[in-house]
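Below, each chain spelled out in residue letters.
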Amino acid sequence: MKIRFYSRFTAAIVAFLSSWSLCAAARAGSPNRVPVLLVWRIADGLGGSARVLLRRVPGARCFSGGAYGVTAFSIKWVLALLAAFGVTAAHAQSYPAKPVRIIVASAPGGGTDFVGRVLASKLTDAMGQQFIVENRPGAGSMLGFEAGMRAPPDGYTFNLITPSYSITPNLYAIKFDAANDFTPVIRVASGPLIAVVHPSVPAKNLRELIALAKSRPDQIAYGTSGQGGIVHLANAQFLHMAGIRMTHVPYKGGGPALTELIAGQVQLVFATPQAALSQVKAGRIRALAVTTAARLPSEPAIPTLAEAGVPGYEVNNWHAVIGPKGVPRAIVDRMHAEIGKVIRTKEMEERLRGDGVLPAPSTPEALQEQIRREIVMWRDVVKAAGIRIQ
């Protein structure tokens, strides 16, 4: 397959040079322009990417019949672009040629680490090369994000990220541009958090909780998995949009926060479905609403926050794969396709459901837009809530 490709590529270069030398008559009519229709047709054979590259050649113009002409100055650009296309396509065919790192910016054992290891195992089987999860926790996930974004953009380092990627630049002085210095690949999964309260709380629904909080400013305590994480900011967004005040009690993880809720030490927690629903069914806590725009399919009786009293509220807990800025598009497309296959399998769906999320594949472009939109959203939440990391 590689030999066939290189033969086609060599033929394209030879055809280009031949067409140049054989078009003296055409050059006489237009002395500064060289017809390269034959190269355009060869580029057709190489694919759409080659056609796009040819359109970007300085001085290129479309003649009647669809032929392209370029100035003599642009000859070197055509050769360079065709060569670059050949190298990229050959690279994609042989990729991956060595182990690939998937950086997870959290400690081993958590939900993101779990998803990362399942994904790495399935990609290893599918692509014939080892995919390795590398845990880089610390500084609100900043250390792991920076390690990934500063890696060479050769397709051998990716990050498995969560909403913390969109939150971190609003709380920490990071060493890269989170909105632009990355290559989006695919969103893997998405799901809600569930607002749950202790049974002693007299509010039976979210509207009653909001009314109770307004009558008792700062007297209701909400627990989170720590300062600056998605759970903290999801709560802060709720308080801001509902116009209420509560006391924040951060814990070292979602598990301890939920344990303290069951013990009655705090009154409200936003928890993952995986952690909360078994306790809800056991009667130890009560579910009021989910944070997403749609109800949880497995629990259709639980309303959304938007339905239950906070119009416009929406927070998603998601996982996605990104790389450093500049990863070749051919590699992005390969990774997107392979990951898409993995997350659509029944086994992967069941494992994701166990972590409280559902498969939610996206295009690279949709993922990029989502990240940029959420960076702005969380910036506004951080500012409005006056959140500072001590």
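Residues numbered from 1 in each chain as written. Predicted model: local features only at pLDDT ≥ 70, side-chain atom pairs only at ≥ 80, totals over all residues. Heavy atoms only, no water.

Novice: Quick one: what's the story with the packing of helix α10 (residues 230-242) against helix α16 (residues 364-385), residue by residue and with numbers?
Specialist: Two packed helices can be described by the angle between their axes and the distance between those axes. Across the interface, α10 lies against α16 with an axial gap of 10 Å and an inter-helix angle of 65°. Between α10 and α16, the angle is such that the two are roughly perpendicular. Along this stretch, α10 crosses α16, giving a crossing that reads as left-handed. Each of Ile230, Leu233, Ala234, Ala236, Gln237 and His240 in α10 lies in contact with α16, whose residues at this interface are Met377, Trp378, Val381, Val382, Ala384 and Ala385. Residue composition of the contact of α10 with α16, by class: ten nonpolar, two polar and no charged. (Axes fitted to C-alpha atoms, helices over the stretch in contact; angles between N-to-C directions. Helix = DSSP H or I, 4+ residues; strand = E, 2+ residues; numbered from the N terminus. Parallel < 35°, antiparallel > 145°, perpendicular 65-115°, else oblique. Left-handed = near helix turned anticlockwise from the far one by under 90°. Contact = heavy atoms within 4.5 Å. Nonpolar A, V, L, I, M, F, W, Y, C, P; charged D, E, K, R; others polar.)

Novice: Talk me through the pattern of salt bridges; I want residue IDs and the actual numbers.
Specialist: Two side chains that carry opposite charge are able to pair once their charged atoms sit near each other. Counting across every chain of the model gives twelve salt bridges. Among the ionic pairs, Arg329 bridges to Asp333, the shortest N-O distance being 2.8 Å. Linking Arg329 with Asp333, this pair stays in helix α14 (residues 329-343), spanning four residues, or about one helical turn. A salt bridge links Asp380 to Arg379; the shortest N-O distance between them is 3.8 Å. Residue Asp380 is classed as partly exposed on the basis of its relative accessible area of 44%. On the basis of relative accessibility, which here comes to 45%, the residue Arg379 falls in the partly exposed class. Via salt bridges that share partners, Arg101, Glu134 and Arg136 belong to a single interconnected network. (Salt bridge = Lys/Arg side-chain N within 4 Å of Asp/Glu carboxyl O. Buried < 20%, exposed > 50% of the residue type's maximum accessible area, 1.4 Å probe, protein only.)

Novice: Hey, could you go over the pairing of strand β8 (residues 194-197) for me, with residue numbers and the actual values?
Specialist: Because side chains alternate across β8, one face comprises the buried residues Ile194 and Val196, and the other comprises Ala195 and Val197, equally buried. For β8 and strand β11 (residues 268-271), the ladder comprises four bridges, and the chain directions are antiparallel. When the bridges of β11 are listed, Val197 appears paired with Leu268. Bridge count for β8 against strand β12 (residues 286-290) is four bridges, and the pairing is antiparallel. In the strand pairing of β12, Ile194 is matched with Val290. (Pairing = 2+ DSSP bridges.)

Novice: Before we move on, can you summarise the confidence of the model for the chain with the specific residues and values?
Specialist: A residue-level look at the chain finds 75% of positions with pLDDT of 70 or above and a mean pLDDT of 81. Taken together, the stretch residues 1-73 has pLDDT below 50 and engages in 102 contacts with residues farther than four places along the chain or on a different chain. (pLDDT = per-residue confidence, 0-100.)

Novice: Run through the pairing of strand β4 (residues 100-104), naming residues and quoting values.
Specialist: Regular strands have side chains that alternate between both faces of the sheet. The buried fraction of β4 amounts to four of the five residues, a majority that puts the element mostly inside the structure. Following the chain from β4 across helix α6 (residues 111-127) to the adjacent parallel strand β5 (residues 131-135), one finds a crossover that is right-handed. (Right-handed = clockwise from strand over helix to strand, strands pointing away.)

Novice: Explain the nonpolar core residue by residue, including any values.
Specialist: Residues Leu206, Leu209, Phe238, Met246, Leu268 and Phe270 are the most contacted members of the largest nonpolar core, which totals 37 residues. Of all the elements in the fold, those that place two or more residues in this core are β8, α9 (206-215), α10, β11, β12, α13 (305-308) and α16. Ranked by residues supplied to this core, first place goes to α10 with eight residues. Not counting residues within four places of it along the chain, the set of residues in contact with Leu209 comprises Val197, Val201, Ala203, Ile220, Phe238, Met246, Leu268 and Leu288. (Core = buried A, V, L, I, M, F, W, Y, C linked by side-chain atoms within 4.5 Å.)

Novice: I'd like a rundown of the packing of aromatic side chains, residues and numbers included.
Specialist: As enumerated under the stated definition, the model contains five aromatic pairs in all. Note on Phe238 and Phe270: the rings are 6.0 Å apart at their centroids and 35° apart in plane angle, and the pair reads as tilted. Here Phe270 lies in strand β11 and Phe238 lies in helix α10, a separation of 32 residues in the sequence. Among the aromatic residues, those joined into a cluster by ring pairs are Phe145, Tyr165, Phe176 and Phe182. The ring of Tyr156 has Lys98 sitting right over it, with the charged end atom 4.8 Å from the ring centre. (Phe/Tyr/Trp six-rings, centres within 6.5 Å; stacked < 30°, edge-to-face > 60°. Lys NZ or Arg CZ within 6 Å of the ring centre and 35° of its normal.)

Novice: I'd love a proper account of helix α11 (residues 254-262), names of residues and values included.
Specialist: Regarding α11, the residues found buried are Ala257, Leu258 and Leu261. The arc that holds every buried residue of α11, seen down its axis, measures 95°, which confines them to one face. Turning to α11, the residues buried within the fold contact β8, β9 (221-224), β11 and α12 (273-281). The first or second residue beyond α11 is Gly264, which carries a positive phi of 85°. (Arc of directions from axis to C-beta.)

Novice: How would you summarise unusual backbone geometry if you had to cite specific residues and measurements?
Specialist: In this chain, Tyr95 is followed by Pro96 through a cis amide linkage whose omega measures -5°. Looking at the secondary structure, you find Pro96 in the loop between α5 (75-94) and β4. One non-glycine residue, Asp218, adopts positive backbone phi at about 65°. Mapping Asp218 onto the fold places it in the loop between α9 and β9. Relative accessible area serves as the criterion here: at 35%, Asp218 is assigned to the partly exposed category.

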